[in-house]
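Read off the chains here:
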Amino acid sequence: MMNATDALKERLKKQGPMRFDAFMAFALYDPEYGYYTSGQGIFGRQGDFVTAPELTPLFGQTLGQAILEVLPLCKPVIYEFGAGNGKLASDLLNTLGDTVEQYNIVDVSGGLKQVQSETIRASVPGHLADRVQWLEQLPEGLEGVLIGNEVLDAMPVRVFEYHHDASLEWWISEDITLEKRPLQVSDRGILETLHTQHGPWQDGHLVEWAEQAHGFVKTLTERLKGLALMIDYGDCAEKLLHPAKRQGTLRAHKNHVAHDGFLTDIGEQDLTAHVNFSQIYEAMHSEGGQLEGYCTQASFLLAHGILELAGQNPALTDPVAGAQTRKALNTLLSEAEMGENFKVFAWSRGVDLDATRLNTLFLMNDRSGEL
Ligand SMILES: C[S@@+](CC[C@H](N)C(=O)[O-])C[C@H]1O[C@@H](n2cnc3c(N)ncnc32)[C@H](O)[C@@H]1O
């Protein structure tokens, strides 16, 4: 079998240069060569990065407390997008138990289904594991609670390079090198508006434009009757597009190292960009979504009782397991780590959640004014 680089070269030869977002879609999700397609060796300490659900079950258990708040007012059905290795699904099912009638997983990488299924079967009682199903397509109606951890950052982005006289966009040329083309006339307005709002930028300032994540959130909102909760690293536009952030946030991840060699190790490394939550807000708002809260991951987890849950766990006093849990909690909550960089963004449509405590639980370290 050909490797991903040769397959890409062939495709480029046939079709001509690709826009960066098309290249990123190939590198991550090509059904044969994409990084997420095989599903092997990606997540965890042996892989390229560790996500919150893998650090400790307390993450999923705490998220479960938020879902339990709203479940009486929503259809008791969960939709998880981008379920990775199935760890979060397992922790949520164990926390929510019989209150959940159905747990749907929607993932663009089919290869992860087997990994997810094995994780869930190994850690969840059989009658709950039987409630999990994998959807090939997004249903027309999404009634229930939608969740996604680190999904939006994994969606392909376009890359714009601001220049005072003529801005550019990143493309990938036939020999897999970066080619910078003049930004199409129809897209210039986007960059000019961003520059007026967040500039002045110096020449060469990079801006990732998450067209796919924007479209995805619009579609979810349009079909939603219930609550949607997305957790990811990112910030509001004002901070992400600040003149000092000239390099943008697009990064490649391999073996726990973040770097900017986007065009090497194709199909063998992750590519991600920080989520622009102002753009996500605009997408959900344009479809009639109602913001329920936007805050840091640390304040969300603390407000939903992560420390109380940790305290109930006898393992905390065990010298080895206890030390691991304390380390995981520190990573999840510390301002220098995931606590501040990661945000929780929640919105609803077609349900009135005012009677729940959800709104007030978001108030600690509320950032919605920044969106
Ligand atoms: C960085 S991983 C996060 C996995 C997991 N949620 C976790 O926290 O460990 C990104 C996941 O999003 C999935 N994904 C990307 N785009 C998606 C989309 N449009 N719909 C559903 N899943 C998507 C990928 O296949 C992958 O499983």
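If you look the chain up in an unreviewed UniProt entry, it shows as SAM-dependent methyltransferase from Limnobacter litoralis.

### A closer look at the nonpolar core
The nonpolar side chains of soluble globular proteins are, as a tendency, buried together. Core analysis: the largest hydrophobic core is formed by 55 residues, its most contacted members being Phe-20, Phe-23, Phe-81, Leu-152 and Leu-250. Sort the elements by how many residues they give to this core and helix H2 (residues 20-29) lands first, with six residues. Here this core spans two domains, and each of domain 1 (4-34 + 157-209) and domain 2 (52-155 + 211-370) adds at least three residues to it. If sequence neighbours within four positions are ignored, Phe-23 has contacts with Leu-8, Met-18, Ile-172, Phe-262, Leu-263, Ile-266 and Leu-271. Within the second largest apolar cluster, 50 residues are counted, among which are Cys-74, Leu-88, Cys-295 and Val-351.

### Brief notes about the site of the ligand
Within the structure, the ligand sits among 19 residues, and Thr-51, Gly-82, Asp-107, Ser-109 and Asn-149 are positioned closest to it. Here a nitrogen atom of the ligand sits 2.7 Å away from a polar atom, N or O, in the main chain of Asn-149. Counted by class, the shell around the ligand contains 12 nonpolar, five polar and two charged residues.

### Overview of the pattern of salt bridges
A full pass over the atoms with the stated rule returns 18 salt bridges. Arg-158 is paired through a salt bridge with Glu-211; the nearest N and O atoms lie 2.8 Å apart. In this pair, Arg-158 sits in strand S6 (residues 158-162) while Glu-211 sits in helix H10 (residues 211-223), placing the two residues 53 residues apart along the sequence. When its relative accessible area of 3% is taken as the criterion, Arg-158 is described as buried. Using a relative accessible area of 35% as the deciding quantity, one classes Glu-211 as partly exposed. Where Arg-181 meets Glu-179, a salt bridge forms, and the shortest distance between an N and an O atom there is 2.9 Å. Its relative accessible area of 24% is what places Glu-179 among the partly exposed residues.

### Details of the side chain of Ser-167
As for its placement among the helices and strands, Ser-167 is situated in the loop between S6 and strand S7 (168-172). Given a relative accessible area of 15%, Ser-167 falls into the buried group. A distance of 3.1 Å separates a polar atom in the side chain of Ser-167 from the backbone nitrogen of His-163. In contact with Ser-167, not counting residues within four places along its chain, are Glu-161, Tyr-162, Arg-181, Pro-182, Leu-183 and Leu-191.

### Let's talk about the environment of Met-24
Structurally, Met-24 is set in helix H2. Residue class for Met-24 comes out buried when judged on its relative accessible area of 0%. Counting along the chain gives 238 residues from Met-24 to Phe-262, while the straight-line C-alpha distance between them is 8.9 Å. Other than its neighbours up to four places away in sequence, Met-24 contacts Met-155, Pro-156, Val-157, Leu-250, Leu-271 and Thr-272.

### Observations concerning the sheet that holds strand S12 (residues 257-259)
Pairing between the strands of a sheet comes from backbone hydrogen bonds, and it takes one of two forms, parallel or antiparallel. Here three strands make up an open sheet; going across it, the order is S12-S11-S13 and the pairing antiparallel. Looking along the sheet, the strands with just one partner apiece sit at the ends: S12 and strand S13 (270-272). Ignoring strand direction, the axes of neighbouring strands in this sheet form an average angle of 30°. Summarising the sheet, strand S11 (residues 251-254) and S12 pair through three bridges and their orientation is antiparallel. Among the inter-strand pairings, Lys-254 is bridged to a residue of S12, identified as Val-257.

The rules we used
- Residues numbered from 1 in each chain as written.
- Predicted model: local features only at pLDDT ≥ 70, side-chain atom pairs only at ≥ 80, totals over all residues.
- Heavy atoms only, no water.
- Core = buried A, V, L, I, M, F, W, Y, C linked by side-chain atoms within 4.5 Å.
- Buried < 20%, exposed > 50% of the residue type's maximum accessible area, 1.4 Å probe, protein only.
- Helix = DSSP H or I, 4+ residues; strand = E, 2+ residues; numbered from the N terminus.
- Domains from an automatic or database assignment.
- Contact = heavy atoms within 4.5 Å.
- Near = heavy atom within 4 Å.
- Polar contact = N/O pair within 3.5 Å; in protein donor to acceptor, adjacent residues only side chain to side chain.
- Nonpolar A, V, L, I, M, F, W, Y, C, P; charged D, E, K, R; others polar.
- Salt bridge = Lys/Arg side-chain N within 4 Å of Asp/Glu carboxyl O.
- Pairing = 2+ DSSP bridges.
- Axes fitted to C-alpha atoms, helices over the stretch in contact; angles between N-to-C directions.

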